[in-house]
Each structure stands twice: as structure tokens, then as C-alpha cells.
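Coordinate inspection notes
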Amino acid sequence: MSLFIPDFDGTVVVRSADAELIGEGGPVTNQLLVDSSATGGALSSMRVTLGKGANGARPHHHGKSAEMFYVLDGTAQLLSGDQVVTAERGDVVVVPPGTQHAFAAAPGETADMLVIITPGVERFEYFRHLERIRYGKVPPESLLDVQELYDSYFGTSPVWNAAREQQCSAQQCP
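Our focus in this paragraph is the side chain of Ser152. Inspection of the secondary structure assignment puts Ser152 in the loop between α2 (147-150) and β10 (153-154). For Ser152, the side chain forms a polar contact with the side chain of His62, separated by 3.5 Å. Polar contacts involving the side chain of Ser152 include one to the side chain of Arg123, which spans 2.8 Å. Setting aside residues up to four positions removed in sequence, Ser152 forms contacts with His60, His61, His62, Arg123, Tyr126 and Gln147.

What follows covers the packing of aromatic side chains. Here the structure, examined in full by the defined rule, presents three aromatic pairs. Each member of the aromatic cluster is reached from another via a ring pair, and the members are Tyr126, Phe127 and Tyr150. Above the ring of Phe154, the side-chain terminus of Arg58 is found at 4.4 Å from the ring centroid. Across the ring face of Tyr126, the terminal group of Arg123 is positioned such that the distance to the ring centre comes to 4.5 Å.

The next point concerns empty space enclosed by the protein. Going through the model one piece at a time under the given rule, you end up with one cavity of 30 Å³ or more. Its boundaries defined by the atoms lining it, the largest cavity holds a volume of some 70 Å³. Elements with a minimum of two residues in the lining of the largest cavity: β3 (44-50), β9 (111-118) and α1 (124-134). The dominant element in the lining of the largest cavity, judged by the number of residues it contributes, is β3, at three residues. The residue makeup of the lining of the largest cavity, split by class, is six nonpolar, two polar and two charged.

Here the focus is α1. Looking at α1, one finds that the buried residues are Phe124, Tyr126, Phe127, His129, Glu131 and Ile133. In this structure, the buried residues of α1 make contact with β1 (20-22), β2 (28-34), β3, α2 and β10.

Summed over the entire model, instances satisfying the criterion amount to five salt bridges. In this structure, Arg47 engages Asp112 in a salt bridge whose closest nitrogen and oxygen atoms are separated by 2.4 Å. Here Arg47 is found in strand β3, whereas its partner Asp112 is found in strand β9, with 65 residues between them in sequence. The exposure class assigned to Arg47 is partly exposed, which follows from its relative accessible area of 32%. Bridged by salt links that share partners, the residues Glu20, Glu125, Arg128 and Arg132 form one connected network.

Reading guide: rules and limits
- Residues numbered from 1 in each chain as written.
- Predicted model: local features only at pLDDT ≥ 70, side-chain atom pairs only at ≥ 80, totals over all residues.
- Heavy atoms only, no water.
- Helix = DSSP H or I, 4+ residues; strand = E, 2+ residues; numbered from the N terminus.
- Polar contact = N/O pair within 3.5 Å; in protein donor to acceptor, adjacent residues only side chain to side chain.
- Contact = heavy atoms within 4.5 Å.
- Phe/Tyr/Trp six-rings, centres within 6.5 Å; stacked < 30°, edge-to-face > 60°.
- Lys NZ or Arg CZ within 6 Å of the ring centre and 35° of its normal.
- 1 Å grid on protein atoms, 1.4 Å probe; cavity = no way out; pocket = protein on both sides within 12 Å on 5 of 7 lines; lining within 4 Å.
- Points joined across faces, edges and corners; volume = space filled by probe spheres on them.
- Nonpolar A, V, L, I, M, F, W, Y, C, P; charged D, E, K, R; others polar.
- Buried < 20%, exposed > 50% of the residue type's maximum accessible area, 1.4 Å probe, protein only.
- Salt bridge = Lys/Arg side-chain N within 4 Å of Asp/Glu carboxyl O.

Geometric descriptors of this kind do not, in isolation, establish any biological role.
Right, dumping it as C-alpha cells:
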């Protein structure tokens, strides 16, 4: 195991009012807080706000980075490998590199989470790309061309699909 030493020497401060919002007014809002370049590769961070029962990210994995989810408010469902975890306010879930994961607001609930990826990957442009897909400016398949660039590799998870279908059948999920 090698030690990663980030290459930055100044304090990073991001004011809430200055943080870029992606998806504002929709079921999922991403507040882009700190990208990898600002921390010398130490981490990337964002805040994800999920509307009632909203899906956040479909199953995927990061080959080089761990991802931490801290639930600020509400209740989230998270996939980590073959385990579906329900996390509530104050709970932390850390997914190791290479592990398939996904997240959503629990059925009938909202969720607000701080997400940290370490070591960091430039992620802001990834979320801008997702926004372009949302507005039909580029096709969804275009994500396949940038998986390696953003260290996000899409997969499938029957466990996740079953958990979301089972719990959403009793309640409204988008």
C-alpha cells in the first residue's frame, strides 16, 4: 500500500452562496463544493439533496477512490456491494474502491447528504455532463465515453433493483 500525499498548501474555503448548483428545482440537486484540483487530489466533495423517494445514482463503482456518504437529514438507501443499507440523519456509510454502489432517498422520504470521494477525482464536469444529458444536449450513452476520465464505471445490481422495486411498490417513488 502506498501513501498518497496531497499537493496543496492553502486552506480551501467554499461559501455556500458560491457553490455551483446542478439540477436545482428537480428531484436531485447537487451542490458542488470542492473539486480534486482544489485539494491537490486529496478529495472531491458535494452535497446531494434528494426529493421524496428520488433516485440519486444508479449502480456504479470507482476503481481508485472510496466514497463516503454522511446523511445530514432525512433517510437514504445505499447499495454497497450486495448490501442495501438504510441510513438516517447522522449516519455515515463508506464504500471501498471497486465496490458497486448506488444511492437514493428511501421510499416516501427525502435525503440530504454530504458526499466525499478520496482520493479526489475531478467531478464537477461529470455533474455538468449529467445536466447536459438531462436537458437532451448529449445522449445518455455519452457517459460510456468518459467513465475512465471520471473513475465512474456503470454496472447493474439485481439486489439494488429488487430493493428499490419492493419498497417503492408500497409508496410513491419517482
